Amino acid sequence: MVDRPAEAVIVDRGYRHFEGTRKGRPGAMGAVVRDGFRRVLGLRRKGRRKILPWTLITMMLISVAVLSALHYAANRVGVTDLVAEELPHHREYFEFISRVALLFVAFATPELLVPDREQGVLAVYLSRPLRTIDYLAAKGMSLGILMLAFLLVPQTIFHLLLGVFSPDGFTTYMLDNLDVLWQVPSTAAVYFLGYASAALIVATLIPRVGFAAGIYLAVMIMLNPLAELLVDTANFAGSEYGALLALESHPHLVRDWIFGAATSGYPVTRAGFEPWVALATIMTVSVVAVALAWNRYRRLS
Amino acid sequence: MTPLFSTRNLTHSYGDVRALDEVTIEVPPGRIGLVGANGAGKTTLIRNLLGMLQPASGEMEVLGLPVSRESLDIRSQVGYMPEGNCLPLDQTAADFVGYAAELAGLPTDAARRRSSEILFLVGLHEERFRYLGDFSTGMFQRVKLAQAIVHDPQVAFLDEPASGLDPEGREHMLELIRRLGDFGISVVFSSHILSDIEETCDWVVMLDGGRVIRSGPIEDLGIADSLTVEVLGNPQPAARWMTERGATVKVAGAMLDVRTEGLDAFTLVRDALVATNVGVRRLGQSAVTLEEAFIREAEEGEPRG
C-alpha cells in the first residue's frame, strides 16, 4: 500500500521580474488622472465616501430628466410659446447645474490635493517618473474632466432630448441650434475656470478636506454681497473695483454674454465694466491659483 | 561593472546647515547600508540621488545615469521607501500598491498582478483588501516596502525601514531586505541602528555630520586583522615590539588590542610574545562591531572615499 503524500502547501511563490514595457512619465500622469477620478467619485473607497459625489450626480440626472419631461409635455400639448419663452433652455439650465457644480468643486478640489499632501503620499509620487508640475497638471486634468463631464453630460442629454421631442424633427432642431455646440462647451469651460481656480487656492492652503470645502463655499457666497455692497453703497474712489470680488457671479455674467442675454444685473456690469472684465478676472485668478499651487508644491517636494 | 551610485563633491545645504559636505563615494550593486546618527545626512543623500532635492554643488550618477539630466529615467528603475508616513489611509493595500506600480509606468493589468504578488511576498496577502487606515505599524512598514519594490526596480532605497517596529517585526523586515538581494534587487538601506546594517548589508557607507567617514565592504572594518591578547606580566614590551613592526596596538591593563595592515596578526603576536618572553592568558579575534567601527572612524574624523 502506498502512503498518501502529505498535502502540498505553497510556502513561497518566489519573485518574478517584470519584463513588459514601462510607460514612463505619460503612464505615471495617466495613473494620477485615473486615481483622481476614483478619489473624487469615492470608487474603491468606503461607502460613506461615495455619498456626496453620487448624490450630486443623481441630482444632475434627475434635473435633466425633469426638465426634458417638461419640454416633452409642453410639446405634446402644443404650447410652443411656453416652450419658447418660459421653459428653461441651456442658459437657464446652467443656472441650476452651476450651483450643483459649485458644491462639486468645493469638495472635489481639496479631495484631490489635500490627502496626498497631508498623509505624506507626495513622497511616493515624486520618487516615480513624475515632476511636481506633472502631478499638478494630472490633478488638474482629473478635476477638469470630471467638472466638464458634470456640466456637459446633462446639457448634452438635454440637447439631444430637445431634438427628439421637437415638433420640427430631430435633424431640423439640431441644424437650427448649431450655436449651442460652441456656447455650451465654452460656458462649461468658463464655469470650470471660475470655480476651480478659487477652489485650487483654498485647497493649496488649507490642510483638511472638509475645512477647505467649507471655507471655499463661505468665501464664494460671501464675496457676492460684499461686492454688491461696495458697488452700490460705498462712495470712495475705486470702490467700483470691488465688483471684481464677486468671483461666484463672474461665470454667470460670462455665460449670459456668451448666450447673448442681458448682462446688466451683475456687480461687474453695475460698476460700469464690460462683460469681458469678468472673463479677464477669471483668467487672472486662474493664473494666480496655478502659480500659488506650483510654488507651494515646489517647496513641499 | 557599473556602480550602483556615485557622487563627486556632493554638497547640500538647508539654509546655513550643511547636510552633505563634499561627499565623494562610489558604491557597487548589492546590499548597501547607509549608517549615521539622526541628522547625519542619510535621507538627504537618498533624496538627492532620486533627484527629489537639488544639490548646491557636485555630481551624482545612479545606475550609470547622471541624476541632473536623467532623474525621471532613474526613478523608473528605482524604488523608494520614505521614512515617514506615505500611505493614503482610505485605500486598500492592494489598490495602493497597484497604483504605486502604475505610477512607475506599469500597465494597469500588470500593476494589479504584481501588487498581489508583492503583498504575498511581504506577508500581507490575507490583508490586501483591508483599508490602510486599519493597519498596524508593522503592516504599514511592509506596505511601504511593497510599494517600493512592486515595479521591479533595480535598486530600492529604504529609509529607516525598521523604524518603529517591535523585535519580531524588525527581524521580519530585515529578512525581507536580505531576500531582495537574492532577487537581484540592490538595496540601499539607511539606519541609525548599526546592528541592523551589520546583519543585512555587505557594503557600508558611514556618514557623520554630512561627511562620509568610510565607504567599503563590511568585512573590511578591521574584524579579520584585529586580535585581542591578554598577557601574563607587563604588556608594554610586546606592545612596543609590535608597534615597531607596523601594528597599531592599544594597551588597557593586561589587554592588548592589535590591529595590523598587510600582516598576519596571529603570526605577529606569536613572534612578539616569544621575543619579549611574555606569557599569554587568552588570545582571540576581536569582535569589532559595526558600532565600534563607526565610533572609531568618527573619532579618527578623516573622510575617506
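Just so you know, these numbers come straight off a predicted model, no measurement behind them.

**Student:** Please give an account of the overall build of chain B that cites residues and values.
**Tutor:** Helix and strand content of chain B: ten helices and 14 strands. Referenced to the eigenvectors of the C-alpha coordinate spread, the extents of chain B come out at roughly 75 × 45 × 35 Å. Looking at chain B as a whole, 48% of its 305 residues are labelled buried. Intrachain contacts of chain B at a sequence separation of at least 6 include 68% that bridge at least 24 residues.

**Student:** With reference to specific residues and values, describe the pairing of strand β13 (residues 255-259) of chain B.
**Tutor:** All names here are of chain B. Side chains Leu 256 and Val 258 project from β13 onto a buried face, and the interleaved Met 255, Asp 257 and Arg 259 project onto a face without burial. Relative to β13, strand β11 (residues 226-232) runs antiparallel, the two sharing five bridges. The partner of Leu 227 across the bridge, within β13, is Val 258. Relative to β13, strand β12 (residues 248-252) runs antiparallel, the two being bridged by five bridges. Across the sheet, residue Lys 250 finds its bridge partner in β13, namely Asp 257. Where β12 folds back onto β13 in an antiparallel hairpin, the turn is made up of two residues, including Gly 253, whose phi is positive at roughly 65°.

**Student:** Go over the sheet that holds strand β1 (residues 5-14) of chain B with me, naming the residues and quoting the values.
**Tutor:** Read from one edge to the other, the open sheet built from four strands follows the order β2-β1-β4-β5 (chain B), with strand pairing classed as antiparallel. Of all strands in the sheet, those bounded by a partner on one side alone are β2 (17-27) and β5 (65-66) of chain B.

**Student:** Go over the sheet that holds strand β6 (residues 78-81) of chain B with me, naming the residues and quoting the values.
**Tutor:** All names here are of chain B. Spatial ordering of the open sheet is given by β6-β7-β8-β3-β9-β10, a layout of six strands whose pairing is mixed. Edge positions in the sheet fall to β6 and β10 (211-217), since each of these pairs with one other strand and no more. Averaged over all pairs of adjacent strands, the angle between strand axes in this sheet comes to 15°, irrespective of strand direction. Examined bridge by bridge, β6 and strand β7 (residues 155-159) share four bridges and lie parallel to one another. Residue pairing across strands places Tyr 80 opposite Phe 157, the latter belonging to β7.

**Student:** Describe the nonpolar core, with residues and values.
**Tutor:** The biggest cluster of nonpolar side chains holds 152 residues, and the ones touching the most others in it are Val97(B) and Ala156(B). Ranked by residue count, the leading element in this core is helix α8 (residues 180-205) of chain A, at 14 residues. If near-sequence neighbours (up to four positions away) are discounted, Ala156(B) is found in contact with Val78(B), Gly79(B), Met81(B), Ala148(B), Ile149(B), Leu180(B), Ile185(B) and Val187(B). The next biggest cluster of nonpolar side chains, apart from the first, holds 17 residues, and it includes Leu227(B), Val249(B), Leu256(B) and Val269(B).

**Student:** Residues and numbers for the packing of helix α3 (residues 93-103) of chain B against helix α4 (residues 108-121) of chain B, please.
**Tutor:** Residue and element names in this part refer to chain B. For the pair α3 and α4, the least separation of the axes is 8 Å and the interaxial angle reads 125°. When the interaxial angle is binned, α3 and α4 end up oblique. Classified by chirality, the crossing of α4 by α3 is right-handed. Listed contacts from α4 to Ala 93, Ala 94, Val 97, Gly 98, Ala 101 and Glu 102 of α3 are Thr 108, Ala 111, Arg 112, Arg 114, Ser 115, Ser 116, Ile 118 and Leu 119.

**Student:** Can you tell me about helix α12 (residues 275-300) of chain A, naming the residues and giving the values?
**Tutor:** Residue and element names in this part refer to chain A. Here α12 contains 26 residues, and its C-alpha end-to-end distance of 38 Å stays within 8% of the 38 Å for a straight helix at 1.5 Å per residue. For α12, every residue scored as buried is listed here: Ala 278, Leu 279, Thr 281, Ile 282, Ala 289, Ala 293 and Tyr 297. If you follow the buried residues of α12, they end up packed against α6 (132-165), α8, α10 (250-259) and α11 (267-270).

**Student:** How would you sum up the packing of helix α1 (residues 24-41) of chain A against helix α4 (residues 90-118) of chain A? Please name residues and give values.
**Tutor:** Residue and element names in this part refer to chain A. At a minimum axis distance of 9 Å, the contact between α1 and α4 shows a crossing angle of 125°. The angle between α1 and α4 places the two elements in the oblique class. With respect to the hand of their crossing, α1 and α4 are arranged in right-handed fashion. Residue-level inspection shows Gly 36, Arg 39 and Val 40 of α1 in contact with α4, the latter providing Ala 108, Glu 111 and Leu 112.

**Student:** Break down the environment of Ser71(B) for me, with residues and values.
**Tutor:** Summarising the element assignment, Ser71(B) is placed in helix α2 (residues 67-77). Spatially, the C-alpha atom of Ser71(B) lies 51 Å from that of Arg245(B), the residues being 174 residues apart in sequence.

**Student:** Got a sec to walk through the interface of chain A and chain B? Specific residues and values, please.
**Tutor:** The interface of chain A with chain B comprises 31 residues on the first partner and 35 residues on the second. Broken down by secondary-structure element, the contributors of at least two residues to the side of chain A that touches chain B are α1 and α5 (122-125) of chain A. When its residues are assigned to classes, the side of chain A that touches chain B shows twelve nonpolar, eight polar and eleven charged.

**Student:** Provide a residue-level description of the confidence of the model for chain B, including the pertinent values.
**Tutor:** Atom-level detail of predicted coordinates should not be read off regions where pLDDT is low. Considering every residue of chain B, the mean pLDDT works out to 89; 95% of them sit at 70 or more. Here helix α10 (residues 290-300) of chain B stands out as the element of chain B with the lowest mean pLDDT, 71, in contrast to α3(B), whose mean of 97 is the highest.

**Student:** Report on unusual backbone geometry, specifying residues and quantitative values.
**Tutor:** Residues and elements named next belong to chain B. Phi is positive for Asp 152, close to 55°, though the residue is something other than glycine. Mapped onto the fold, Asp 152 is located in the loop between α5 (137-149) and β7. By C-beta crowding, Asp 152 is classed as buried, having 23 other C-beta atoms within 10 Å. Backbone geometry places Asn 277, a non-glycine residue, at a positive phi of 60°. Relative to the helices and strands, Asn 277 is located in the loop between α9 (265-276) and β14 (279-285). By the C-beta count within 10 Å, which is 9 here, Asn 277 ends up exposed.

**Student:** Any details on the environment of Gly98(B)? Residues and values, ideally.
**Tutor:** All names here are of chain B. Take Gly 98: it is sitting in helix α3. Separated by ten residues in sequence, Gly 98 and Thr 108 have C-alpha atoms that sit 7.8 Å apart. Beyond its immediate stretch of four places on either side in the chain, Gly 98 contacts Ala 111, Arg 112 and Ser 115.

Definitions and cut-offs
Residues numbered from 1 in each chain as written. Chains lettered and ligands numbered in written order. Predicted model: local features only at pLDDT ≥ 70, side-chain atom pairs only at ≥ 80, totals over all residues. Helix = DSSP H or I, 4+ residues; strand = E, 2+ residues; numbered from the N terminus. Buried ≥ 20, exposed ≤ 12 C-beta atoms within 10 Å, placed from the backbone. Contact = placed C-beta atoms within 7 Å. Pairing = 2+ DSSP bridges. Axes fitted to C-alpha atoms, helices over the stretch in contact; angles between N-to-C directions. Core = buried A, V, L, I, M, F, W, Y, C linked by C-beta atoms within 7 Å. Parallel < 35°, antiparallel > 145°, perpendicular 65-115°, else oblique. Left-handed = near helix turned anticlockwise from the far one by under 90°. Expected span 1.5 Å × (residues − 1). Nonpolar A, V, L, I, M, F, W, Y, C, P; charged D, E, K, R; others polar. pLDDT = per-residue confidence, 0-100.

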